[in-house]
Amino acid sequence: MTKVYSNIGRLNHVAIAVPDIMLASDMWHKALGANVSEPQTLPEHGVKVVFIDSPNTKVELLEPLNENSPISNFLKKNPNGGMHHICYEVSDLKSASLKLKAVGATILGNGNPKIGAHGNPVIFLKPSDFSGTLIELEEIK
Ligand code: CO
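Cut-off values and rules
- Residues numbered from 1 in each chain as written.
- Predicted model: local features only at pLDDT ≥ 70, side-chain atom pairs only at ≥ 80, totals over all residues.
- Heavy atoms only, no water.
- Donors = N, O, S within 2.8 Å, 3.2 Å for Na, K, Ca; no water.
- Helix = DSSP H or I, 4+ residues; strand = E, 2+ residues; numbered from the N terminus.
- Buried < 20%, exposed > 50% of the residue type's maximum accessible area, 1.4 Å probe, protein only.
- Polar contact = N/O pair within 3.5 Å; in protein donor to acceptor, adjacent residues only side chain to side chain.
- Contact = heavy atoms within 4.5 Å.
- Core = buried A, V, L, I, M, F, W, Y, C linked by side-chain atoms within 4.5 Å.
- Salt bridge = Lys/Arg side-chain N within 4 Å of Asp/Glu carboxyl O.

## Points about the coordination of the cobalt ion
Bound to the cobalt ion on the protein side are His13 (NE2), His85 (NE2) and Glu136 (OE), at distances that span 2.0 to 2.1 Å. Here the donor residues of the cobalt ion share one chain and are spaced in sequence as H-x71-H-x50-E. A residue pair is termed long-range when its members are at least 10 positions apart, and histidine 85 in strand β6 (residues 82-90) and glutamate 136 in strand β9 (residues 135-139) qualify at 51 residues. Each of the two residues, histidine 85 as well as glutamate 136, counts as buried.

See the structure below:
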């Protein structure tokens, strides 16, 4: 019997690490006319975030809250900031995880979903499996 696995859906967001979220927000607003949300602090993820909506997806600017934030390490290697991850929607994270394991791809952490910035379960995939790109999968029901 062929197993039916879930495949990626819409691109939900592109996340960009920045050293100064107010400076970055101001530039996106002034130069690109972007509609930038008020900053939100997400202590459980170690970041301050703003959301920039566009007709087909979102950009999230992420500033580390402290030295322990995973974004801090990224900024040590990329002091001006840079693309941190892309996030695809999936309808069934469990099925997506089974498919990843079946082809030998690695889910970061303990392999179990965490609750992401939008209140939905998410997993992150090992960048070396995907051309150096950190991919987040978010379950959207
Ligand atoms: Co994300």
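## Details of the side chain of histidine 85
The exposure class assigned to histidine 85 is buried, which follows from its relative accessible area of 5%. A distance of 3.4 Å separates polar atoms of two side chains, one belonging to histidine 85 and the other to histidine 13. Filtering out sequence-adjacent residues up to four positions away, histidine 85 remains in contact with His13, Val14, Ala15, Leu62, Phe124, Leu134 and Glu136.

## Details of the nonpolar core
Within the largest apolar cluster, 21 residues are counted, with the highest numbers of intra-cluster contacts made by Leu61, Leu100, Ile123, Leu125 and Leu137. Secondary structure elements with two or more residues in this core: β1 (11-17), α1 (21-32), β4 (47-53), β5 (58-64), β6, α3 (93-102), β8 (121-125) and β9. If you tally residues by element for this core, the top one is α3, at 3 residues. For leucine 137, the residues in contact, after removing those within four places along its chain, are Ile8, Tyr88, Val90, Leu93, Ala96, Leu100, Pro121, Val122, Ile123 and Leu125.

## Some words on the environment of histidine 118
Relative to the elements of secondary structure, histidine 118 occurs in the loop between β7 (114-115) and β8. A residue is classified by how much of its surface remains accessible, and histidine 118, at 29% relative accessible area, is partly exposed. For the pair histidine 118 and isoleucine 140, spaced 22 residues apart in the sequence, the C-alpha separation amounts to 10.0 Å. Among all residues touching histidine 118, those that are not within four sequence positions of it are Asn12, His13, Phe51, Lys58, Glu60 and Glu138. In this structure the side chain of histidine 118 is engaged in a polar contact, spanning 3.1 Å, whose partner is the side chain of glutamate 138.

## A look at the pattern of salt bridges
Side chains carrying opposite charge are able to pair once their charged atoms draw close together. Taken as a whole, this structure holds 4 salt bridges when the rule is applied. Between glutamate 89 and arginine 10 there is a salt bridge, and its shortest N-O distance comes to 3.3 Å. Remark: arginine 10 occurs in the segment before β1 and glutamate 89 occurs in strand β6; sequence separation between them is 79 residues. Of the residues examined, glutamate 89 reaches a relative accessible area of 13% and is grouped as buried. In this structure, the salt-bridge partner of aspartate 26 is lysine 30, at a minimum N-O distance of 3.5 Å. Taken as a pair, aspartate 26 and lysine 30 lie in helix α1 at a separation of 4 residues, close to a single helical turn.

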